[in-house]
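# Notes for the structure review
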Amino acid sequence: MITAALARRALFGGALALPVTARAQSAAEWRPRRTADGTHPMPEPGRRAWAEQVPAIRVGLMGGENEADRLGRFDGLRRLLEETFRVPVRLMPASDYAGVMQALSARQIEFAALGPSIYAAAWIDTHGGVEPILTIEQIDGSTSYVSVMLVRADSGITNLEQMRGRSLAWADPNSASGYLIPRFELRRGGVGVEPGQFFGRTGFGGGHEQAVVAMLQRQYDAAMTWASGVGDINEGFSRGNMRAMVEKGMLRMSDVRIIWQSRPIQNGPITMRTDLPAEFREDIIRFYLALPQSHPAVFEQVGRGTGAGFREARHADYEVFVEMRREEAAARRRRS
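Attention here is on the structure that accompanies the text.

The rules behind each value
- Residues numbered from 1 in each chain as written.
- Predicted model: local features only at pLDDT ≥ 70, side-chain atom pairs only at ≥ 80, totals over all residues.
- Heavy atoms only, no water.
- Axes fitted to C-alpha atoms, helices over the stretch in contact; angles between N-to-C directions.
- Helix = DSSP H or I, 4+ residues; strand = E, 2+ residues; numbered from the N terminus.
- Left-handed = near helix turned anticlockwise from the far one by under 90°.
- Contact = heavy atoms within 4.5 Å.
- Nonpolar A, V, L, I, M, F, W, Y, C, P; charged D, E, K, R; others polar.
- Parallel < 35°, antiparallel > 145°, perpendicular 65-115°, else oblique.
- Pairing = 2+ DSSP bridges.
- Buried < 20%, exposed > 50% of the residue type's maximum accessible area, 1.4 Å probe, protein only.
- Polar contact = N/O pair within 3.5 Å; in protein donor to acceptor, adjacent residues only side chain to side chain.
- Core = buried A, V, L, I, M, F, W, Y, C linked by side-chain atoms within 4.5 Å.
- Phe/Tyr/Trp six-rings, centres within 6.5 Å; stacked < 30°, edge-to-face > 60°.
- Lys NZ or Arg CZ within 6 Å of the ring centre and 35° of its normal.

## Comments concerning the packing of helix α4 (residues 97-105) against helix α5 (residues 116-125)
Close contact between α4 and α5 brings their axes to 10 Å; oriented N to C, the two are set at 35 degrees. Considering the relative orientation of α4 and α5, their crossing is right-handed. Residues Tyr97, Ala98, Met101, Leu104 and Ser105 of α4 form the contact with α5, whose participating residues are Ile118, Ala121, Ala122 and Asp125. Per-class residue counts for the contact of α4 with α5 are seven nonpolar, one polar and one charged.

Here it is as structure tokens:
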């Protein structure tokens, strides 16, 4: 069992801090497939036997940007899935992060790309009825990203201390990078995160994109969002919400300033229900491993920027977030 102390030590490193013997054994047993390891051919087009159990593929889309942009960004993926597996594919956007978790619990979708914290919440909610199958590798081979606090470049705010008494927009209460992780790390650094402690006012933007827009429109002094943390900062890094907003013409990096950044956070997984056929799971894994090389434009759209591709993931990569969610739930019960 992972203790709370171990969870805290491991949280920002992207890998769980297992004992040496367990870590060596784990490394010997676990050989994740990676896009970067070589050529991965797309699965041959054709209807599969699993289509009797999965007559349509329903892909959940988390909130964080407006629905029209989400549907447009994933339409290439939808068409490619249909052409490959010869079953209807439906995109199922949710208004917020919790909506995708609820859809997985209710078996209304087959899989979705989740943040690490919402994966942990879905795993708890379904009693282990979901599993991670893949995550994205960055262009430097890492599998992590960072939380960043943005302010307007003309705000005069150049560091975190100058945010004392000012307003901050969190992204979503179920977002790791937009809420849970920065609160955890700021508290650990001695910054009170409840309204009136350090910040004068805090609120939720309704998603990463919306939080940044609220900051740009001067509804808040700062906004919390996410980025890969690698690549050209002038382009919003290699991938992430800032990169996506830059590419859509919604943001110029010269108009904002990063005044705080978290340590690395494990990338969230593509998450699938565990009650689906093993053959379906394998076909989807093979499809995604091949996607970056066979259809790079589609990969850039769903990945919100460039990257090295996908690699297989497992639940052990996210146990620390399960522990964190349970601790937070216990703390809420104590407060109430």
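Now that the structure is up, let's keep going.
## Side note on the packing of helix α3 (residues 67-85) against helix α9 (residues 278-294)
Running from N to C, α3 and α9 cross one another at 125 degrees; their axes reach a closest spacing of 12 Å. Considered as vectors, α3 and α9 are oriented oblique to each other. Crossing of α3 over α9 shows right-handed handedness. Where α3 approaches α9, its residues Leu77, Leu80, Leu81, Thr84 and Phe85 are matched on the opposing element by Asp283, Ile284, Phe287, Tyr288 and Leu291.

## Let's talk about the sheet that holds strand β1 (residues 57-61)
An order of β2-β1-β3-β11-β4-β12 is seen for the six strands of this open sheet, with the pairing classed as mixed. In this open sheet, the two edge strands, each paired with only one partner strand, are β2 (89-93) and β12 (309-312). Ignoring strand direction, the axes of neighbouring strands in this sheet form an average angle of 25 degrees. Of the strand pairs in this sheet, β1 and β2 are connected by five bridges, and their pairing is parallel.

## Examining the side chain of Ser238
In this structure, Ser238 sits in the loop between β8 (222-227) and α8 (241-247). On the accessibility criterion, Ser238 (3% relative accessible area) is buried. A polar atom in the side chain of Ser238 sits 2.7 Å from the side chain of Ser228. With residues near it in sequence (within four places) discarded, Ser238 still touches Ile139, Ser228, Val230, Gly231, Arg243, Arg304, Gly305 and Thr306.

## Brief notes about the nonpolar core
Grouped together as the largest cluster of nonpolar side chains are 45 residues, with contacts concentrated most on Leu114, Met149, Met163 and Leu186. Put simply, the parts of the chain that give this core at least two residues each are α4, α5, β5 (144-152), β6 (167-170), α6 (176-188), β8, β9 (256-261) and α11 (319-335). Leave out the neighbours within four places in its chain, and Met149 touches Leu160, Met163, Leu168, Leu186, Phe199, Ala222, Ala223, Met224, Arg257, Ile258, Ile259 and Trp260. In this structure, Phe111, Ile133, Ile136 and Ile270 belong to the second largest nonpolar core, which totals 34 residues.

## Some thoughts on the packing of aromatic side chains
Inspection of every chain in the model, using the stated rule, returns 14 aromatic pairs. When the centroid spacing of 6.5 Å and the interplanar angle of 45 degrees are considered together, the rings of Phe111 and Phe280 count as tilted. Pair noted here: Phe111 is in strand β3 (residues 111-113) and Phe280 is in helix α9, with a separation of 169 residues, a long-range link. A relative accessible area of 1% places Phe111 in the buried class. Through a chain of ring-to-ring contacts, three or more aromatic side chains come together here, namely Trp50, Phe85, Phe111, Phe280, Phe287, Tyr288, Phe299 and Phe310. Over the ring of Tyr220 we find Arg201, and its NZ or CZ is 4.6 Å from the ring centre.

## A word on α4
α4 sits mainly inside the fold: seven of its nine residues count as buried. Each element contacted by the buried residues of α4 is listed here: β1, β3, α5, β4 (130-137), α7 (208-216) and β11 (269-273). Sitting at the amino-terminal end of α4 is Asp96, which places a side-chain oxygen 3.4 Å from the backbone nitrogen of Ala98. Once α4 ends, the next one or two residues include Arg107, with phi positive near 60 degrees.

## Examining the environment of Gly46
Looking at where Gly46 falls in the secondary structure, it is placed in the loop between α2 (20-29) and β1. Overall, the relative accessible area of 14% leaves Gly46 in the buried class. Taking the C-alpha atoms as reference points, Gly46 and Val130, 84 residues apart in sequence, are found 26 Å from one another. Not counting residues up to four positions away in its chain, the partners in contact with Gly46 are Thr84, Phe85 and Arg86.

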